[in-house]
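The primary structure of each chain is shown beneath.
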Amino acid sequence: MININARNILLTPFLIWAGLFIFIPLVCIVWYGITDYDGNFSFKNMGLIFERGYLDALKLSIWLALISTVICLLMAYPLCLILTERQRNNSTIISLLFILPLWMNSLLSTMAWQTILEGNGIINQLMRLLGLPTFQMINTEGAIVVGMVYNYLPYMVLPLYIALTKIDRRILEAAQDLGASSWQTFVKIILPLSLPGAVSGITMVFIPALTTFVISALLGGGKLLLIGNIIEQEFTFQYDWHVGCALSVILMIFIILNMLLTTYFDKADAEEDF
Amino acid sequence: MKKFLMLALLLVTMIFAGCGDKDKEVVYVYSWGDYIDPEVLKIFEKETGIHVIWDEYDTNESMYPRVAEGAVHYDIIVPSDYMINKMIDNDLLQPLDFTKLENAKKYIGEDFFKQSEAFDPGNKYSVPYCWGTVGIIYDKTKVTEPVDSWTILWNEKYAGQILMQDSARDALMIPLKIMGKSMNETDKDVLAQAQEMLKKQKPLVQAYVIDEVKEKLINSEAALGVVFSGEALNILNANPNMAFAIPKEGTNFWIDGWVITKDSQNVDNAHKFIDFMCRPDIAVKNFDCLGYSTPNIAVRDLEEDEEVKNSPIAFPSPEVYKDQETYKYLGNQMDEYYNNLWMQVKVD
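Owing to the predicted nature of the structure, the values given are computational and were not obtained by experimental measurement.

Draft legend 1. Structural detail: the overall build of chain A. Within chain A one finds 12 helices and zero strands. Mapped from its N terminus to its C terminus, chain A presents α and β elements in the order α-α-α-α-α-α-α-α-α-α-α-α. Taken along the three principal axes of its C-alpha coordinates, chain A extends 70 × 70 × 30 Å. Looking at the 274 residues of chain A, the share that counts as buried comes to 31%. Counting contacts in chain A only where the partners sit at least 6 residues apart, residues at least 24 apart contribute 74% of the total.

Structure representation (structure tokens):
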């Protein structure tokens, strides 16, 4: 047992870190968000979200982040199920496969998608070679979703894979012995037991997808602005910290809502088990 | 103990800061990225013994707050026209001493000083360095009709094949010119009409771009693109299918100029540097390296490459720029208004 004193000392570096680089900046953002240029308290900048059509950008961000999360979930579940059913000693290779995309700089891989999806890109060149009709995917919502799924899929796979490997095989065998079909086993046993993994996966995909500005800037051609792009432009181009911070605060509210929702499901599920 | 440490730290920084400034003659320059031939700096240091400390920015808008808030001290900056105007208005620049700028007086064309009056009345604060226009670059294999008007960017035949500039002033300039208005328009009704035109055009636009425009047009990703003349030259060299046109409605005649900041600590060295940049043999080096048109009238005669020498894009005839407008600073509020109009086109 570490005594209280030692524990406090060990905790200090993190507390200093958190205070300086998490708490103070957060206070600054909220402060800028709820004041105007003269430093007076005002919700005017927050209200701008309704006036300038930024609400549409926020809606689009939520919508695209939602689609990406669902696609990631639908892709990750079968993949993880198949992987956990295989020999467990393969796990190093498997986890390497999950982590491999993370070794590449995400900016670089998103730029690669640009060249893949362009009008004269790799996909269209292949289509032309095969005599198939070409299509314009770059600078559409679809292209942004592709970029999000590619970038964030590992964050869905990892927690899901870990949750699935932790399920006791004997429970599955018992289910089969008692005559449950594989679908029943999945719905009644695997799904509930892996839900915590899925929930953290959803959070880890949804939040970065909601706040991204790089993916939409590179694959949306400047025509599709997500809320992240607007915040970025308010800071760099318009040089309006108050509006930028006000929008950040609104975005934070949605992130907190998302987290409350997921922890609620997590808890409700845990209680159901007992 | 803490106080002692702080004091020690302060002393150490003071000693180091002292070293840098006093032992050597220096000049601090803040420039656009890739905006000089690196060899030129070496020659300058060798000839004058003045050490150049070089920093770069990527847009006028990102440069301004850093200088305005006094976070950093530069002696020389090379902003664009309307930004020079803004910096003069906000008292960030000092008048130049033209008795120390012999080369500038001799070799910088009169036309360019005259045009600079739009943003620097009386030519007190700036010496032109590079200039250019904005035009349409197009793929001759895809665009069959003659390109001589901005209206071609609204032609539905080219849906998904059009690249526009992602910047408030450059974007709004185009519909304003089609309507026969000034690119420095401040009438909000007229600006609203211009914005409406851009919203209408949006479905036809492939992307709003800044630097990526070069790459995309070289790879034939689009049929039509709005580009700066210097970029156009680079694209034409890389892709022979392309051609460049300046629309008949008129375009932006931009000038980037050397200025000295108000709080400059090395005023003499700064003047030496600016005058050095105007020396013909140095100007021709920079011109060959950058591809942007130069206001230096001696450069064309010194240019060795015949093809460049006779290129109407590198050295346009005076008709190209004679009656063109230059951006003016419209005040903080109007700046913001333009930016908001543009943002709304993009979120639409």
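The rest of the description comes next.
Draft legend 2. Geometry of the overall build of chain B. From N to C terminus, chain B includes 16 helices and nine strands. Whereas a compact globule of 348 residues would reach a radius of gyration of roughly 20 Å, chain B reaches 22 Å, a difference of no more than 12%. Looking at chain B as a whole, 41% of its 348 residues qualify as buried. Of the contacts formed within chain B by residues at least 6 apart in sequence, a portion of 76% connects residues at least 24 apart.

Draft legend 3. Spotlight on the domain arrangement of chain B. Residues and elements named next belong to chain B. Its domain assignment divides chain B into domain 1 (23-131 + 254-317) and domain 2 (132-252 + 328-347). Centre-to-centre separation of domain 1 and domain 2, based on C-alpha positions: 27 Å. Of the residues lining the interface, 15 residues belong to domain 1; the matching set on domain 2 comes to 10 residues. Of all the secondary structure elements, the ones that give two or more residues to the side of domain 1 that touches domain 2 are α4 (81-89) and β4 (127-139). With four residues, the single largest contributor to the side of domain 1 that touches domain 2 is α4. Looking at side-chain class alone, the side of domain 1 that touches domain 2 contains 10 nonpolar, three polar and two charged residues.

Draft legend 4. Quick peek at the nonpolar core. Formed by 141 residues in total, the largest nonpolar core has its most connected members in M156, L160 and L247 of chain A together with I76, I137, L224 and I274 of chain B. Considering each element in turn, this core owes the most residues, 14 residues, to helix α7 (residues 141-165) of chain A. Mapping this core onto the domain boundaries places at least three of its residues in each of domain 1 (23-131 + 254-317) and domain 2 (132-252 + 328-347) of chain B. Residues in contact with L160 of chain A, not counting those within four places in the same chain, are A76, Y77, C80, S194, G197, A198 and G201 of chain A.

Draft legend 5. The pairing of strand β5 (residues 162-165) of chain B, seen in detail. Residue and element names in this part refer to chain B. On β5, burial covers both faces: I162 and M164 on one face and L163 and Q165 on the other are all buried. Two strands pair when backbone bridges link them, and β5 and strand β6 (residues 205-209) are joined in this way by four bridges, in the parallel orientation. In the sheet register, L163 faces β6, and the bridge partner there is A207.

Draft legend 6. Focus on the environment of M334 of chain B. Relative to the assigned elements, M334 of chain B resides in helix α16 (residues 332-347). Spatially, the C-alpha atom of M334 of chain B lies 26 Å from that of L163 of chain B, the residues being 171 residues apart in sequence.

Draft legend 7. Highlighting the interface of chain B and chain A. Contacts between the two partners involve 21 residues from chain B and, on the opposite side, 20 residues from chain A. Looking at the side of chain B that touches chain A, the element that brings in the most residues is α16 of chain B, giving six residues. Looking at the side of chain B that touches chain A residue by residue, the class counts come to seven nonpolar, eight polar and six charged.

Draft legend 8. Fine view of helix α5 (residues 106-117) of chain A. Residues and elements named next belong to chain A. Taking 1.5 Å as the rise per residue, α5 with 12 residues should run 16 Å; its terminal C-alpha atoms sit 16 Å apart, in good agreement. Of all the positions in α5, only T110, W113 and L117 are classed as buried. The buried residues of α5 occupy an angular sector of 45° when the element is viewed end-on, so they sit on one face. Exposed and facing more than 90 degrees away from the buried side of α5 are L107 and L108. On its buried face, α5 is in contact with α6 (122-129), α7 and α10 (214-219).

Draft legend 9. How the structure looks around helix α12 (residues 280-290) of chain B. Residues and elements named next belong to chain B. Listed as buried for α12 are I282, A283, V284, N286 and F287. On its buried face, α12 sits against α2 (38-48), α11 (267-277) and α13 (299-302). Within two residues after α12, G291 carries a phi angle of roughly 85°, on the positive side.

Draft legend 10. Quick look at the packing of helix α3 (residues 54-85) of chain A against helix α11 (residues 227-236) of chain A. All names here are of chain A. Two elements in contact, α3 and α11, have axes separated by 8 Å at closest approach and are oriented at 135°. Of the possible angle classes, the one that applies to α3 and α11 is oblique. Facing α3, whose interface residues are Y54, A57, L58 and S61, α11 presents I227, G228 and I230. Of the residues in the contact of α3 with α11, the class split is five nonpolar, two polar and no charged.

What counts and what doesn't
- Counting restarts for each chain, with residues numbered from 1 along the sequence as it is written.
- Chain letters start at A and ligand numbers start at 1, both assigned in the order the entries are written.
- At least 70 in pLDDT is required for a residue's local features to be given in this predicted model, at least 80 for side-chain atom pairs to be given and counted, and no such filter applies to totals for whole chains, interfaces and linings, which use all residues.
- The helix count covers DSSP runs of H or I at least four residues long, the strand count covers runs of E at least two residues long, and both are numbered beginning at the N terminus.
- Each residue is classified by how many other C-beta atoms fall within 10 Å of its C-beta atom, where C-beta atoms are placed from the backbone; a count of 20 or more means buried, 12 or fewer means exposed, and values in between mean partly exposed.
- Residues are defined as contacting one another if the C-beta atoms placed from their backbone atoms lie within 7 Å.
- Radius of gyration here uses only the C-alpha atoms, and the compact-globule reference equals 2.2 Å multiplied by the residue count raised to the power 0.38.
- What fixes the domain bounds is an automatic or database domain assignment.
- Residue polarity follows a fixed list, in which Ala, Val, Leu, Ile, Met, Phe, Trp, Tyr, Cys and Pro are nonpolar, Asp, Glu, Lys and Arg are charged, and the others, Gly among them, are polar.
- Note on terminology: a nonpolar core is a set of buried residues of type Ala, Val, Leu, Ile, Met, Phe, Trp, Tyr or Cys, with members joined through C-beta atoms within 7 Å.
- Between any two strands, pairing holds if DSSP finds at least two bridges.
- Expected helix span is taken as 1.5 Å per residue step, with the number of steps being one fewer than the number of residues.
- This arc describes the spread of directions from the helix axis toward the C-beta atoms.
- As a rule, the C-alpha atoms of each element are fitted with a line to give its axis, helices using only the stretch in contact, and angles between N-to-C directions run from 0 to 180 degrees.
- Throughout this description, any angle smaller than 35 degrees is read as roughly parallel, any larger than 145 degrees as roughly antiparallel, any in the 65 to 115 degree range as roughly perpendicular, and the remainder as oblique.

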